[in-house]
Amino acid sequence: MSFQESTAQPALLNFGAIINSTSNVESQSVPQLLIPFLPLPPSFDPLCETSWSVLARQVESWLVDTIQDVRAPEWAWGCNAFWMAFIAANPDFPWGSWPNWNPKISLEGKFIESWTAVNLTIPVDSPLSQHILDDLVRRARRFR
């Protein structure tokens, strides 16, 4: 399944599978959650910072308005998705200028921590935005 299909239907992710795979609690019941920004629309251009900026705003809104609970597994997943989109839209971050984001979204998570670390390496022959899109797709596949 591609994340850029022509369907307008939001993706359904089963976060119960995430919880059950990371804990010994088998009886937890977590409903599937609509992810309104997935699949990415056909108009999404991974080489266009504007496409990434729109996606970052959508993920930010979903986190703050829908998920709200910073302890939920959806929050951690969404923060990684937010930071991937934010960095693709603002590749000079943390240097230069960038738009403000909701302060509830902290600079925590594997992606942003590796981005702000000194040793971040991106393959020379790979555009930054393509590298981030590949990482986002790889992470999202875990939840199908």
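None of the values given here were measured: they were computed from a predicted structure. (Residues numbered from 1 in each chain as written. Predicted model: local features only at pLDDT ≥ 70, side-chain atom pairs only at ≥ 80, totals over all residues. Heavy atoms only, no water.)

Observations regarding helix α2 (residues 49-67)
Here α2 contains 19 residues, and its C-alpha end-to-end distance of 25 Å stays within 8% of the 27 Å for a straight helix at 1.5 Å per residue. Of the positions making up α2, those classed as buried are Ser51, Trp52, Leu55, Ala56, Val59, Glu60, Trp62, Leu63, Val64 and Ile67. (Helix = DSSP H or I, 4+ residues; strand = E, 2+ residues; numbered from the N terminus. Expected span 1.5 Å × (residues − 1). Buried < 20%, exposed > 50% of the residue type's maximum accessible area, 1.4 Å probe, protein only.)

A closer look at the nonpolar core
Ranked by size, the top nonpolar core spans 36 residues in total, and within it Trp52 and Leu55 carry the most contacts. Put simply, the parts of the chain that give this core at least two residues each are β2 (32-35), α2, α3 (73-89), α4 (110-116) and α5 (128-141). Per-element accounting of this core gives the leading share, 12 residues, to α3. (Core = buried A, V, L, I, M, F, W, Y, C linked by side-chain atoms within 4.5 Å.)

Some words on the confidence of the model for the protein chain
Chain-level pLDDT for the protein chain is 75 on average; 65% of the residues reach the 70-or-more range. Mean pLDDT across the elements of the protein chain bottoms out in helix α1 (residues 15-22) (39) and peaks in α2 (96). Low pLDDT (under 50) marks residues 1-7, which in the prediction has 20 contacts with non-local residues, meaning those over four places away or in another chain. In the model, residues 14-30 has pLDDT below 50 throughout and makes 20 contacts with residues more than four positions away in sequence or in other chains. (pLDDT = per-residue confidence, 0-100. Contact = heavy atoms within 4.5 Å.)

Some thoughts on the environment of tryptophan 75
On the secondary structure map, tryptophan 75 appears in helix α3. Classification of tryptophan 75 by relative accessible area gives buried; the value is 5%. Between the alpha carbons of tryptophan 75 and tryptophan 62 there is a distance of 9.5 Å; along the sequence they are 13 residues apart. Those residues in contact with tryptophan 75 that sit more than four places away from it in its chain are Leu63, Val64, Ile67, Gln68, Asp69, Val70, Lys104 and Ile105.

Examining unusual backbone geometry
Cis rather than trans, the peptide bond between leucine 38 and proline 39 has omega equal to 0 degrees. Its location among the elements puts proline 39 in the loop between β2 and α2. Here phenylalanine 93 and proline 94 are connected by a cis peptide whose omega angle stands at 10 degrees. Inspection of the secondary structure assignment puts proline 94 in the loop between α3 and α4. Within the chain, glutamine 68 stands out as a residue other than glycine whose phi angle is a positive 65 degrees. Assignment of secondary structure puts glutamine 68 in the loop between α2 and α3.

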